[in-house]
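Structural overview for review
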Amino acid sequence: MQYFARTPQDMGHAIRQMRKARGMTQRQLAVRSGLWQETISKIETSQSRATLDTLFDLCAALDLELVLTERSKVSAAAFEDLF
């Protein structure tokens, strides 16, 4: 499954969806990533801006990798319809 993240909110949403797809609770992800459960909650709900180190810790705990690509040239409205 692929998610496109252009904003911190998009990234938080993607992390939540991938965590749920793996059947994990925030607490389980916290244990695997070495982060506080509250930190994961704040990232998923866009209440906190995570550092790159934190995002990489979450990706590793979820067995994900970060892939960078050029932005697609779709309108903002069309992009929002994907979510």
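Predicted model only: the values in this text are computed from it and were never measured.

Let's shift gears to the overall build of the protein chain. Within the protein chain, the regular secondary structure consists of five helices and zero strands. Expressed as a percentage of its 83 residues, the buried residues of the protein chain come to 27%. Within the protein chain, contacts between residues separated by at least 24 positions form 56% of all contacts whose residues are at least 6 apart in sequence. In the form shown here, the protein chain has an accessible surface area of approximately 6,200 Å², with 51% of it arising from carbon and sulfur atoms.

Evaluation of the coordinates by the stated rule reveals two salt bridges. For Arg16, the salt bridge goes to Glu44, with nearest N and O atoms at 3.5 Å. With a gap of 28 residues between them, Arg16 in helix 1 (residues 8-21) and Glu44 in helix 3 (residues 37-44) connect regions that are remote in the sequence. Looking at Arg16, the relative accessible area reads 25%, which means it is partly exposed. Close ionic contact of Arg19 with Glu44 constitutes a salt bridge, the shortest N to O distance being 2.7 Å. Of the two residues, Arg19 sits in helix 1 while Glu44 sits in helix 3, which places them 25 residues apart along the sequence. Look at the salt bridges and you will find they share partners, linking Arg16, Arg19 and Glu44 into a network.

Nonpolar side chains collect at one region of the surface, where Leu52, Phe56, Leu66 and Leu68 lie side by side and expose about 470 Å² of accessible area between them. Its location among the elements puts Leu68 in the loop between helix 4 (52-61) and helix 5 (76-81).

Of note, Asp10 is situated in helix 1. Of the buried charged residues, Asp10 lacks a salt bridge, with Arg6 as the closest side chain of opposite charge at 6.4 Å. Reaching out from Asp10, the side chain makes a polar contact with the backbone nitrogen of Arg6 at a distance of 3.0 Å.

This next bit is on the packing of helix 2 (residues 26-33) against helix 3. Contact geometry of helix 2 with helix 3 gives a least axis separation of 8 Å together with a crossing angle of 115°. When the interaxial angle is binned, helix 2 and helix 3 end up roughly perpendicular. Between helix 2 and helix 3 lies a crossing whose hand is right-handed. Note on element contacts: helix 3 touches helix 2 through Gln37, Ile40, Ser41 and Glu44, opposite Gln26, Arg27, Leu29, Ala30 and Ser33.

The rules we used
- Residues numbered from 1 in each chain as written.
- Predicted model: local features only at pLDDT ≥ 70, side-chain atom pairs only at ≥ 80, totals over all residues.
- Heavy atoms only, no water.
- Helix = DSSP H or I, 4+ residues; strand = E, 2+ residues; numbered from the N terminus.
- Buried < 20%, exposed > 50% of the residue type's maximum accessible area, 1.4 Å probe, protein only.
- Contact = heavy atoms within 4.5 Å.
- Areas by Shrake-Rupley, 256 points an atom, 1.4 Å probe, with all protein chains shown as cover.
- Salt bridge = Lys/Arg side-chain N within 4 Å of Asp/Glu carboxyl O.
- Patch = residues over 30% accessible without salt bridge, like charges linked within 9 Å, V, L, I, M, F, W, Y side chains within 5 Å.
- Lys, Arg positive; Asp, Glu negative; His and termini not counted.
- Polar contact = N/O pair within 3.5 Å; in protein donor to acceptor, adjacent residues only side chain to side chain.
- Axes fitted to C-alpha atoms, helices over the stretch in contact; angles between N-to-C directions.
- Parallel < 35°, antiparallel > 145°, perpendicular 65-115°, else oblique.
- Left-handed = near helix turned anticlockwise from the far one by under 90°.

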